[in-house]
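Descriptive structure summary
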Amino acid sequence: MFLPETANFCITLLVYGAILLLLIYYVLTLADLECDYLNAQECCRRLNFWVIPKFGSHALLCVLLLLGGHWVMFLLNLPMVIWLFYELHRQRRDSLGVYDPVDIHSRGLLKVHLRNCMIYLGYYFVMFFVALYCLISSLIKGDPIKRYEDDEIVTDF
């Protein structure tokens, strides 16, 4: 074990919470672009800034779960890391990033990016509550406070 189980799930919960907040920021920024409150270059610059940290934090989370021996959680997170890596390297060489200001309007990618953000939000909400369940179960798994001796009978609550 790399870290105690409780610490491992606390870090997992914090990473999921940070990514959820980032995805809400993505949805709000894309909605501002859709309503013409932002221009395409400013919107794509803001979103592309956070693409690498999102991928890096999720990849680091997978490594943490792998080192902690939580195979099921690791296997649940691995497809998202693979998809984020694919999305990162799928972009054309002449584009400015995953979110390209030229393509977002001309190829109609705004709706695609909004749909992907909603799918990511659903995935991360489910995984957030799975991690919360794992954290609570790791907290109540053992009795860290010795409340009674083996010979003593506890009658008052």
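Residues numbered from 1 in each chain as written. Predicted model: local features only at pLDDT ≥ 70, side-chain atom pairs only at ≥ 80, totals over all residues. Heavy atoms only, no water.

Below, the discussion takes up the overall build of the protein. Assigned secondary structure in the protein consists of 6 helices and 0 strands. Of all 157 residues assigned to the protein, the portion counted as buried reaches 38%. Across the protein, every contact between residues at least 6 apart in sequence was considered, and the portion connecting residues at least 24 apart equals 75%. Of the roughly 10,100 Å² of accessible surface on the protein, a fraction of 68% belongs to carbon and sulfur atoms. (Helix = DSSP H or I, 4+ residues; strand = E, 2+ residues; numbered from the N terminus. Buried < 20%, exposed > 50% of the residue type's maximum accessible area, 1.4 Å probe, protein only. Contact = heavy atoms within 4.5 Å. Areas by Shrake-Rupley, 256 points an atom, 1.4 Å probe, with all protein chains shown as cover.)

For the coordinates displayed, the defined rule picks out 7 aromatic pairs. Geometrically, the ring pair formed by Phe-55 and Phe-85 is tilted, given 6.0 Å between the ring centres and 35° between the ring planes. With Phe-55 in helix H3 (residues 51-68) and Phe-85 in helix H4 (residues 71-90), this residue pair connects regions lying 30 residues apart in the sequence. Judged by its relative accessible area of 43%, Phe-85 is partly exposed. (Phe/Tyr/Trp six-rings, centres within 6.5 Å; stacked < 30°, edge-to-face > 60°.)

Here we come to the layout of surface pockets. A probe as big as a water molecule, rolled over the atoms, marks out the empty space that is left. Roughly 250 Å³ of internal volume is contained in the largest pocket. What lines the largest pocket is a set of 14 residues, and nearest its centre among them are Arg-90, Gln-91, Val-98, Arg-107 and Leu-109. Of all the elements in the fold, those that place two or more residues in the lining of the largest pocket are H4 and helix H6 (109-140). With 4 residues, H6 is the largest single contributor of residues to the lining of the largest pocket. In terms of residue class, the lining of the largest pocket is built from 3 nonpolar, 5 polar and 6 charged. (1 Å grid on protein atoms, 1.4 Å probe; cavity = no way out; pocket = protein on both sides within 12 Å on 5 of 7 lines; lining within 4 Å. Points joined across faces, edges and corners; volume = space filled by probe spheres on them. Nonpolar A, V, L, I, M, F, W, Y, C, P; charged D, E, K, R; others polar.)

Cross-referencing UniProt, the feature "transmembrane region" (unreviewed entry) maps to residues 7-28, 58-86 and 117-140 in the present numbering. Overall, residues 7-28 shows 100% helix and 0% strand. The separation of its end C-alpha atoms is 32 Å. The span residues 58-86 is 93% helix and 0% strand, and its two end C-alpha atoms sit 14 Å from each other. (UniProt positions renumbered as here; feature names shortened; annotations may be inferred.)

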